[in-house]
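Letter by letter, the chains look like this.
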Protein chains: 2
Amino acid sequence: MTPAADATLADIGEFGLISALRSRFPQGEHVLLGPGDDAAVVGVPDGRVLVSTDLLVDTRHFRRDWASATDIGHKAAAQNLSDINAMGGRASALTVGLAAPPDLPVSWALELAEGIAAEAAVVGASVVGGDITRAEEIMLAITVLGSCQREPVRRSGASPGDVVAICGRQGWAAAGLAVLTRGFRSPRVLVEALRRPAPPYDAGAEAASLGATAMIDLSDGLLADVGHVAEDSQVWIDIDPASFEVEEPLEAVGSALGADPMSFILTGGDDYALVATFPESARLPQRWRRIGQVHAALPEESARQDEGRREAQTSGRVTVAGSTYDGPAGHEHFR
Amino acid sequence: MTPAADATLADIGEFGLISALRSRFPQGEHVLLGPGDDAAVVGVPDGRVLVSTDLLVDTRHFRRDWASATDIGHKAAAQNLSDINAMGGRASALTVGLAAPPDLPVSWALELAEGIAAEAAVVGASVVGGDITRAEEIMLAITVLGSCQREPVRRSGASPGDVVAICGRQGWAAAGLAVLTRGFRSPRVLVEALRRPAPPYDAGAEAASLGATAMIDLSDGLLADVGHVAEDSQVWIDIDPASFEVEEPLEAVGSALGADPMSFILTGGDDYALVATFPESARLPQRWRRIGQVHAALPEESARQDEGRREAQTSGRVTVAGSTYDGPAGHEHFR
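Keep in mind that this is a model prediction, so the values were computed, not measured.

(A) Seen up close, the overall build of chain A. Regarding its fold elements, chain A presents ten helices and twelve strands. Considering only C-alpha atoms, chain A reaches an extent of 65 × 50 × 35 Å along its principal axes. Within chain A, buried positions represent 60% of all 335 residues. Across chain A, the fraction of contacts at a sequence separation of at least 24, relative to all contacts at a separation of at least 6, is 82%. If you sum the accessible surface of chain A, you get close to 12700 Å²; carbon and sulfur atoms cover 48% of it. Distance between charge centroids for chain A: 2 Å, based on 27 positive and 46 negative side chains.

(B) Region of the structure containing the sheet that holds strand E12 (residues 318-320) of chain B. Residues and elements named next belong to chain B. Pairing in this open sheet of six strands is mixed, and the strands run E8-E10-E7-E11-E9-E12 from one edge to the other. In the strand order of this sheet, the two ends are held by strand E8 (214-217) and E12, each with one partner. This sheet shows a mean twist of 25 degrees between the axes of neighbouring strands, independent of strand direction. Sheet topology places strand E9 (residues 236-239) next to E12; three bridges connect them, and they run parallel. Bridging from a neighbouring strand, Ile237 pairs with Val318 of E12.

(C) The arrangement of the domain arrangement of chain A in detail. Residues and elements named next belong to chain A. Domain boundaries in chain A define domain 1 (9-147) and domain 2 (163-320). Taken over C-alpha atoms, the centre of domain 1 sits 27 Å from the centre of domain 2. Contact residues are listed per partner, giving 20 residues for domain 1 and 22 residues for domain 2. The junction of domain 1 with domain 2 conceals about 1800 Å² of combined surface from both sides, 52% of it contributed by carbon and sulfur atoms. The three residues of domain 1 that bury the most area against domain 2 are Trp66, Lys75 and Asn85, which together make up 39% of that side's buried surface. Our enumeration of links across domain 1 and domain 2 arrives at two salt bridges. The partner of Asp270 in a salt bridge is Lys75, with the nearest N and O atoms 3.0 Å apart.

(D) Highlighting the pairing of strand E4 (residues 90-100) of chain A. All names here are of chain A. Most of E4 sits out of view: ten of its eleven residues are buried. Sheet topology note: the E4/strand E6 (residues 139-147) ladder contains nine bridges and is antiparallel. Within E6, the residue paired with Val96 across the bridge is Ile142. As paired elements, E4 and strand E5 (residues 126-134) share eight bridges and run parallel to each other. Among the inter-strand pairings, Ala100 is bridged to a residue of E5, identified as Arg134. Considered for its hand, the β-α-β crossover made up of E4, helix H3 (residues 106-122) and E5 is right-handed.

(E) Spotlight on the environment of B:Ala203. Here B:Ala203 lies in helix H6 (residues 203-209). Apart from the residues lying within four places of it in its own chain, the contact partners of B:Ala203 are B:Asn85, B:Cys167, B:Leu274, B:Arg287 and B:Trp288.

(F) The arrangement of the packing of helix H1 (residues 9-22) of chain B against helix H3 (residues 106-122) of chain B in detail. All names here are of chain B. Orientation of H1 relative to H3, taken along the N-to-C sense of each, is 20 degrees, at an axis distance of 10 Å. Here H1 lies roughly parallel to H3, going by the angle between them. Two packed elements cross with a definite hand, and for H1 against H3 that hand is right-handed. The segment H1 lies against H3, with Leu9, Ile12, Leu17, Ala20 and Leu21 engaging Val106, Ala109, Leu110 and Ala113. Of the residues in the contact of H1 with H3, the class split is nine nonpolar, no polar and no charged.

(G) Here's a closer look at the sheet that holds strand E1 (residues 31-33) of chain B. Taken in spatial order, the six strands make up an open sheet running E5(A)-E4(A)-E6(A)-E3(A)-E2(B)-E1(B), and their pairing is mixed. Each edge of the open sheet is held by one strand with a lone partner, namely E5 of chain A together with E1 of chain B. Neighbour to neighbour, the strand axes of the sheet diverge by 25 degrees on average, direction disregarded. Bridging between strand E3 (residues 48-57) of chain A and strand E2 (residues 40-43) of chain B involves four bridges; their strand directions are antiparallel. From the neighbouring strand, A:Leu50 faces E2(B), where its bridge partner is B:Val41. Its contacts with the sheet put H3(A) on E4, E5 and E6 of chain A, and the angle it makes with E4(A) is roughly 165 degrees.

(H) Seen up close, the interface of chain A and chain B. Across the boundary between the two partners, chain A contributes 71 residues, which contact 71 residues of chain B. Contact between chain A and chain B buries roughly 5600 Å² in total, counting both sides, with carbon and sulfur atoms accounting for 58%. The interface formed by chain A and chain B holds six salt bridges in total. Across the salt bridge formed by B:Asp37 and A:Arg155, the nearest N and O atoms sit 3.7 Å from each other. If you look at where chain A meets chain B, you find 28 residue pairs in polar contact (both at pLDDT 80 or more). By residue number, the principal contributor to the side of chain A that touches chain B is E3(A), which donates nine residues. Classifying every residue of the side of chain A that touches chain B by side-chain character gives 36 nonpolar, 17 polar and 18 charged.

Rules behind the numbers
- Residues numbered from 1 in each chain as written.
- Chains lettered and ligands numbered in written order.
- Predicted model: local features only at pLDDT ≥ 70, side-chain atom pairs only at ≥ 80, totals over all residues.
- Heavy atoms only, no water.
- Helix = DSSP H or I, 4+ residues; strand = E, 2+ residues; numbered from the N terminus.
- Buried < 20%, exposed > 50% of the residue type's maximum accessible area, 1.4 Å probe, protein only.
- Contact = heavy atoms within 4.5 Å.
- Areas by Shrake-Rupley, 256 points an atom, 1.4 Å probe, with all protein chains shown as cover.
- Lys, Arg positive; Asp, Glu negative; His and termini not counted.
- Charge placed at Lys NZ, Arg CZ, Asp CG, Glu CD.
- Pairing = 2+ DSSP bridges.
- Axes fitted to C-alpha atoms, helices over the stretch in contact; angles between N-to-C directions.
- Domains from an automatic or database assignment.
- Buried area = accessible area lost by both parts, 1.4 Å probe.
- Salt bridge = Lys/Arg side-chain N within 4 Å of Asp/Glu carboxyl O.
- Right-handed = clockwise from strand over helix to strand, strands pointing away.
- Parallel < 35°, antiparallel > 145°, perpendicular 65-115°, else oblique.
- Left-handed = near helix turned anticlockwise from the far one by under 90°.
- Nonpolar A, V, L, I, M, F, W, Y, C, P; charged D, E, K, R; others polar.
- Polar contact = N/O pair within 3.5 Å; in protein donor to acceptor, adjacent residues only side chain to side chain.

Here's what the structure looks like:
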């Protein structure tokens, strides 16, 4: 069904929207029963299923004046698919909840759905179900299911002596945000990185096969997220800023805005690169760049600097070139 | 962690809330990895996983002046667990997304969590993950995972000649809503039925083992939901109103409010009873009450009455004692 071009959700109703949405969600081979029943049924050959949920709220997690509905759909799916990637798994299915006001254009909801479906298709996942309801604000609730052939790679397995490596671009979305916030629209490649992240979807399973001891995807910021690994693994991690290549667009925006491009890399979120720890002996493909080292304890000087900062900072166990990083490590809600 | 009695989400922040919540969610034996990593891991012995998602929005799906946070948690979980029940499965895990304004009392969020966890525990399911974010409205997004030992019972398998049977109380929540809407607080048993539904959780797998050909849980209203079975199975279903026992509290509220208690039974939602179709030969335990019959086509007279109503009514393929039911069959969002 294709509703009139200017139709709103109020015009076609819940069941009209569901009917229009269903054709946007092709069902892949993992799907034993797709949308439309009390529950969907997804094949899980490995006897265990990975599951993760994210909420996205209009104006907080996306801005309709900054990104198309299709972009927003791509990104909403990407950040969930990335969570499965970060466990070393492969995503197979998504459910999508959409809360929206009745005056929302149907076309916006359909483009959102097409973006979600297209991003899911990149990894062979299907949208198998969801829910639609009325609310004042637009909110998206996405749950992703996945499977993994090896043991899932957790945040808690890093050991002193391990190396820290990153795969995927990092800092681009934050630079894009800085650009848009100041009213600019270019460099376009950075704005696009914010609108439509490109997580390295095949790198999670690769890291698992390379013996990754811990892994996380960078959603809140490199230091904040590496901080979660350090906390959960009860280790200290030192990041070497000299190990990063500062790509040209980041350099350009840093100059134009008078910002240190390394701040985008160290604290920017929303790129969904992977950071993993590996045994020192691991032979890493080129796309995995070594960026740091796992230690049993911080050097004494950093530990002193760090005192009194631990409570507020998830990155309390992370240093940059041996020193505590000055500035916010990432984003926290409600604060 | 137990925050101060009058703390708000703004006081303790996202990570403070997560930490306080985690202790409210004990992890059952299905859970291979609980909350706190990029994804949770749940054991799925049958090689397939059932999944369903529901959104609940403050003032639309629950009212904080009518129900405690614990009640709201119980009900939010129940309606999701019921979706797995309606497939003949058993729920194993939930994820919970909570969007809320920063001035929400932490105590409300914790009581909500306790209600969800307690309801999940009834069927042996665990809350394995979730997400928390800031929003203007309180919204809950719950996803349930489950497994089933037999083939899932779909909505589409009813055949002419099958009998229709119900298990669980029906109409009580609607009567409770009618009571509260008019400013009363009793009969308490009906108000409680609205606040905290009691789905017949073990009846879904039982129906599957008894050879149920189709099944659905009653969330939107009996006629509306049976209408989904009729549509998906391409059959006509006739409900016999004389087959219901109108329980005393429904009778009492009907008299007091001048309402036909059968309207609660036929169109009331939120009780999460199960309706299933069975071959005529099935021997049903006492708690399954026969309430109707599956036909290939409607009697001619009803079909004529029905003309022109089909589009608006999900219950177009459902009759009551051979006639089209006058009145709304159930609830639809945005309309």
